[in-house]
Each structure stands twice: as C-alpha cells, then as structure tokens.
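# Topology and contacts: notes
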Amino acid sequence: MPILWALANPKLDEREVLSAMLDREPHLAADRPDLLVIADKGFASKEFEADLAFRGAELLRPSFKREKKRRGESLLKSVRQLIESVNDTLKGQLDLEQHGGRTFEGVAVRVAQRILAMAAAIWHNHKTRQPVTRSLIAYDH
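An account of the accompanying structure is given in this report. Everything numeric here is computed off the predicted structure, so don't read it as measured data. (Residues numbered from 1 in each chain as written. Predicted model: local features only at pLDDT ≥ 70, side-chain atom pairs only at ≥ 80, totals over all residues. Heavy atoms only, no water.)

## Some words on unusual backbone geometry
Of note, the phi angle at Asp34 is positive, near 60°, even though the residue is not glycine. Examined against the element boundaries, Asp34 turns out to sit in the loop between helix 2 (27-30) and strand 1 (35-38). (Helix = DSSP H or I, 4+ residues; strand = E, 2+ residues; numbered from the N terminus.)

## Quick notes on the pattern of salt bridges
For the coordinates displayed, the defined rule picks out seven salt bridges. A salt bridge links Arg61 to Glu49, with the shortest nitrogen-to-oxygen separation between them at 3.9 Å. Of this pair, Arg61 sits in the loop between strand 2 (57-60) and helix 4 (76-93) while Glu49 sits in helix 3 (residues 46-54), and the two are 12 residues apart along the sequence. With a relative accessible area of 3%, Arg61 lands in the buried category. (Salt bridge = Lys/Arg side-chain N within 4 Å of Asp/Glu carboxyl O. Buried < 20%, exposed > 50% of the residue type's maximum accessible area, 1.4 Å probe, protein only.)

## Some details on the pairing of strand 1
Side-chain alternation along strand 1 places Leu35 and Val37 on a buried face and Leu36 and Ile38 on a face that remains uncovered. Pairing of strand 1 with strand 2 involves four bridges; the strand directions are parallel. By the bridge assignment, Ile38 is partnered in strand 2 with Leu60. Assessed by its sense of winding, the connection that carries the chain from strand 1 through helix 3 to strand 2 is right-handed. (Pairing = 2+ DSSP bridges. Right-handed = clockwise from strand over helix to strand, strands pointing away.)

## Some thoughts on the nonpolar core
Core analysis: the biggest nonpolar cluster contains 11 residues, these being Leu18, Leu22, Ala29, Leu35, Val37, Ala39, Phe43, Phe48, Leu52, Ala57 and Leu59. When residues of this core are traced back to their parent elements, those giving at least two are helix 1 (14-24), strand 1, helix 3 and strand 2. The contact partners of Val37, leaving out residues within four places of it in the chain, are Leu18, Leu52, Ala57, Glu58, Leu59 and Leu60. (Core = buried A, V, L, I, M, F, W, Y, C linked by side-chain atoms within 4.5 Å. Contact = heavy atoms within 4.5 Å.)

## Notes on the side chain of Arg55
Its place among the elements puts Arg55 in the loop between helix 3 and strand 2. At a separation of 2.6 Å, a polar atom in the side chain of Arg55 contacts the side chain of Asp23. Not counting chain neighbours up to four residues away, the residues in contact with Arg55 comprise Ser19, Leu22, Asp23 and Ala29. (Polar contact = N/O pair within 3.5 Å; in protein donor to acceptor, adjacent residues only side chain to side chain.)

## Description of the side chain of Arg61
One polar contact links Arg61 to Glu67, side chain to side chain, over a distance of 3.0 Å. Apart from the residues lying within four places of it in its own chain, the contact partners of Arg61 are Ala39, Asp40, Lys41, Phe43, Ala44, Glu49, Glu67, Arg70, Glu73 and Leu76.

## Looking at helix 5 (residues 104-128)
Here helix 5 spans 36 Å end to end across 25 residues, near enough to the 36 Å set by a 1.5 Å rise per residue. Inspection of helix 5 places Gly106, Val107, Ala108, Val111, Arg114, Ile115, Met118, Ala119, Ala121 and Asn125 among the buried residues, and these make up the whole buried set. (Expected span 1.5 Å × (residues − 1).)

Structure, rendered in structure tokens:
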C-alpha cells in the first residue's frame, strides 16, 4: 500500500529524496515499528542505513558482488514480482507516463490521482476479502 510518494528531480540522489520525505512525515516511520524499506542497490550507503536505523527502519536491498550476502536478501526475489506488478499497473493501466500535465502542479495532481486510484483498489481488495480481487481495468467484471 503506498504510504508516501514524492516527485523529485531525477538528478537528485534517491537517498536524499527518501530522507527528506521521512523528515517531512516523521510519524510514518515512527508509527511503524521495525519498518522495512525495500530498495535497489542505488540506496547503498552506510550513512543512509544508519539514518534509517535511527528512525527505527531497516533497509533491505540486494548486495553488491563484492559484499557478503545481506540479511533478508533471499526475500527480495519473492517481493520483486509484486513491486514490478505495481510499477506495471501505474505505468500501463493508469498511464502514469502519459499523464498530460504541463506544469509541476499539473503533473503532481495527475500522479496523485493515479496513486490514489491504485491505493483505493488495494484497500477495497483487502477489506472485502472477495475470492476474486478487482483490478483497475474498467469493466473488469
């Protein structure tokens, strides 16, 4: 379930963006003891991991070839399909890349709409516990 998102300049370091997001909404990490942040190798940094640990969160990321296997790394393969599915839903079914926004505000609103739609579908599927979950495709019944 998406709990936090941001639009950021692609030239910014991803770790700095996530840290800024958590600085802005510190309760999101504080209210979730043992929060597990799943990320790719681009988030590798001892300082970043120490910052997450200070916030009560742990980083789960793949190890580099020169590193020993990281704790929990074997879980990444099972989660990767889920992450790719969410990304595909945002890009494909929700046309995230064809948002049509012409200003920063327009892009932000259109991205927010798509994330909210996806979150609503996830929430609905979770709360109704129906044998067949609803997708985001129109007329999927």
